[in-house]
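Commentary on secondary and tertiary structure
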Amino acid sequence: MAKAEKRYVCQECGYISVRSLGRCPQCQAWNSMVEEVIVPETSAQKSGRPLALQSKPRRLREISGDMEERLRLPIEEFARVLGGGIVPGSIVLIGGDPGIGKSTLTLQMSIEMARLGTVLYVSGEESERQIKMRAVRLLRSEDGTPLEMPDNLFLVTETNLEAILQHVENTKPRLLIVDSIQTTTLPGMNSSAGSVSQVRECAARLRELAKSSGIAVFLIGHVTKDGAIAGPRVLEHIVDTVLYLEGDHFQAYRLLRSVKNRFGATSEVGVFAMGERGMEEVRNPSEAFLAERMANAPGSAIAVTMEGTRPILVEMQGLTSPTSFGNPRRTPNGVDFNRLLLVIAVLTRRVGLRLGEQDVFVNVVGGLKVTEPAADLAVAAAIASSVKDQPVRADVVLIGEIGLSGELRSVGQIETRLREAAKLGFKTAIVPRKMHRGLPWPEGIQVLEARSLHQALEIAFVEA
Ligand code: TYD
Ligand code: MG
């Protein structure tokens, strides 16, 4: 047997070096190189004999191009993110922080899909009893009476990939869940569970399984602090679809977002609320996010943000209070820090608000993260409303990006936003000028155009 060689692999980006390095030359991460042993090639690979070919090129014309038949998934918020249902033979990665609800959501999916065919749920993290207990919680009707357990849902606690493949062989599922890819290992490899090579190799094997058998495979992956699927970004290239489950641990709402999808639109979003019976679908997120709003209270303004193709109304709250120690503080929750600084600077310089000696807090109600500049105007209005101690008109939504000269800049998909606002009973929208594209504005909402932030704020407030 050839002598096994060592190499060092960056756990962040997969860069390979023959020497151990303190810092990865490719992604500049510190202490990310981990030693791995290269398994010697097998004799068949070396002998130079021609391959026993299993694939065969076919004419494009002859390949049937019917839309992949999807398995209908009755959890609509989930199905929309997948692009309409589960594609047989596809491999999907669901990432998210620990404890955010990945296992819960996939178990719910497994329960639903077990009505259509066999489902195999492999867990390397929890015992069968733990999963059963969770299933019992999930399978209850609204008044708490237990529902019947599905017949075709199989559980197994296993981390060895070869054993998992054997179980697949034996149970012949239509859907396989692997929870999580970081706990799964190939015994032949000399690196520990969760390392780049293990994760990559295991995912590649599972991908092969999906493609050759038509089984839909869902992998669960943990996410590091900075939001990448732990270590190997390479994983994102192996799978067909990457979904992130995100949300604030202290809030009930969870967003399932597709960041890559070979079978549908990306940036689709599904909204759930973590409740007594697991992840409950939120069919009308705007209504949910506005439910606790106090109309006519100072420091609150309504923004319309786009989450994928979906408009969501959210309440922006602003609070200003005199600074007690030297530097004024700026504390955003749910909006970008730099965006907030920009809005405050424009409010100070172009609108003339005195924010230099004020601490400013901004909060997006419901734990949503709003990255869109289109929410600038609502953030500015919420802050201005708090400084002036004057409420923003209760029936107004504010849409627009703020430029450095204090101008309002146009935003995309304005009609969709306005329609959603009208649907929720808002009477007036303040939008940037020149957004009109010749089409009539959606019915039921009065659209007021403003050229600048200054102008927008003049019409936004309740007359004292
Ligand atoms: P889990 O699905 O285990 O998260 P992940 O797999 O992403 O690590 O979710 C765990 C959390 O969800 C835990 O804090 C308890 C909570 N939870 C509920 O609030 N309601 C429920 O019905 C269930 C099953 C879990
Ligand atoms: Mg889990």
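Predicted model, so just to flag it, every value in this text is computed and none were measured.

Parameters and conventions
Residues numbered from 1 in each chain as written. Chains lettered and ligands numbered in written order. Predicted model: local features only at pLDDT ≥ 70, side-chain atom pairs only at ≥ 80, totals over all residues. Heavy atoms only, no water. Near = heavy atom within 4 Å. Polar contact = N/O pair within 3.5 Å; in protein donor to acceptor, adjacent residues only side chain to side chain. Areas by Shrake-Rupley, 256 points an atom, 1.4 Å probe, with all protein chains shown as cover. Helix = DSSP H or I, 4+ residues; strand = E, 2+ residues; numbered from the N terminus. Nonpolar A, V, L, I, M, F, W, Y, C, P; charged D, E, K, R; others polar. Axes fitted to C-alpha atoms, helices over the stretch in contact; angles between N-to-C directions. Parallel < 35°, antiparallel > 145°, perpendicular 65-115°, else oblique. Left-handed = near helix turned anticlockwise from the far one by under 90°. Contact = heavy atoms within 4.5 Å. Buried < 20%, exposed > 50% of the residue type's maximum accessible area, 1.4 Å probe, protein only. Pairing = 2+ DSSP bridges. Domains from an automatic or database assignment.

Details of the site of ligand 1
Surrounding ligand 1, one finds 15 residues, the nearest of these being Gly99, Lys102, Ser103, Thr104 and Arg134. Side-chain polar atom of Arg137 to a nitrogen atom of ligand 1: 3.2 Å apart, as the coordinates give it. A distance of 2.8 Å separates a nitrogen atom of ligand 1 from a polar atom in the backbone of Gly275. When ligand 1 sits alone it has 560 Å² of accessible area, and the protein chains cover 74% of it. Listed by contribution, the elements that provide at least two residues to the shell around ligand 1 are helix H3 (102-113), helix H4 (128-138) and strand S11 (269-275). The leading source of residues in the shell around ligand 1 is H3, at 3 residues. Its residues assigned to classes, the shell around ligand 1 shows 3 nonpolar, 6 polar and 6 charged.

Details of the packing of helix H10 (residues 376-388) against helix H12 (residues 453-460)
Running from amino to carboxyl end, H10 crosses H12 at an angle of 60°, the nearest separation of the two axes being 11 Å. Taken together, the axes of H10 and H12 lie oblique to each other. Between H10 and H12 lies a crossing whose hand is right-handed. From H10, Leu377, Ala380, Ala381 and Ala384 reach across to H12, where they touch Leu453, Ala456 and Leu457. Residue classes in the contact of H10 with H12 are distributed as 7 nonpolar, no polar and no charged.

Points about the side chain of Thr106
With respect to the helices and strands, the residue Thr106 is situated in helix H3. Residues contacting Thr106, with those up to four places away along its chain left out, are Ile94, Tyr121, Ile177 and Ile220.

A closer look at the pairing of strand S8 (residues 216-222)
With respect to burial, S8 is a largely interior element, 7 of its 7 residues being buried. Of the two faces of S8, the one holding Ala216, Phe218, Ile220 and His222 and the one holding Val217, Leu219 and Gly221 are both buried throughout. Pairing analysis gives 6 bridges linking strand S4 (residues 91-96) to S8, with the strands arranged parallel. Counted as the bridge partner of Ile94 is Ile220 from S8. Looking at chain direction, strand S7 (residues 175-179) and S8 are connected through 5 bridges and run parallel.

So, the domain arrangement of the chain
The accessible area lost on association of the parts is a frequent measure of interface size. Once the domains are mapped, the chain shows domain 1 (5-41), domain 2 (70-283) and domain 3 (288-460). Look at where the C-alpha atoms of domain 1 and domain 3 centre, and you get two points 47 Å apart.

So, the side chain of Arg257
Among the secondary structure elements, Arg257 is positioned in strand S10 (residues 253-261). Here Glu246 takes part through its side chain, which lies 2.8 Å from a polar atom of the side chain of Arg257. A distance of 2.7 Å separates a polar atom in the side chain of Arg257 from a polar atom in the side chain of Glu307. Dropping the residues within four chain positions of it, Arg257 is found in contact with Val81, Val242, Leu243, Tyr244, Glu246, Glu268, Val269 and Glu307.

A look at the packing of helix H5 (residues 161-171) against helix H6 (residues 196-213)
It is the contact of H5 with H6, at a shortest axis distance of 11 Å, that shows an interaxial angle of 15°. Judged on the interaxial angle alone, H6 and H5 are roughly parallel. H5 and H6 meet at a crossing whose hand is right-handed. Contacts from Leu161, Glu162, Leu165 and Val168 in H5 reach Cys202, Arg205, Leu206 and Leu209 in H6. The residue makeup of the contact of H5 with H6, split by class, is 6 nonpolar, no polar and 2 charged.

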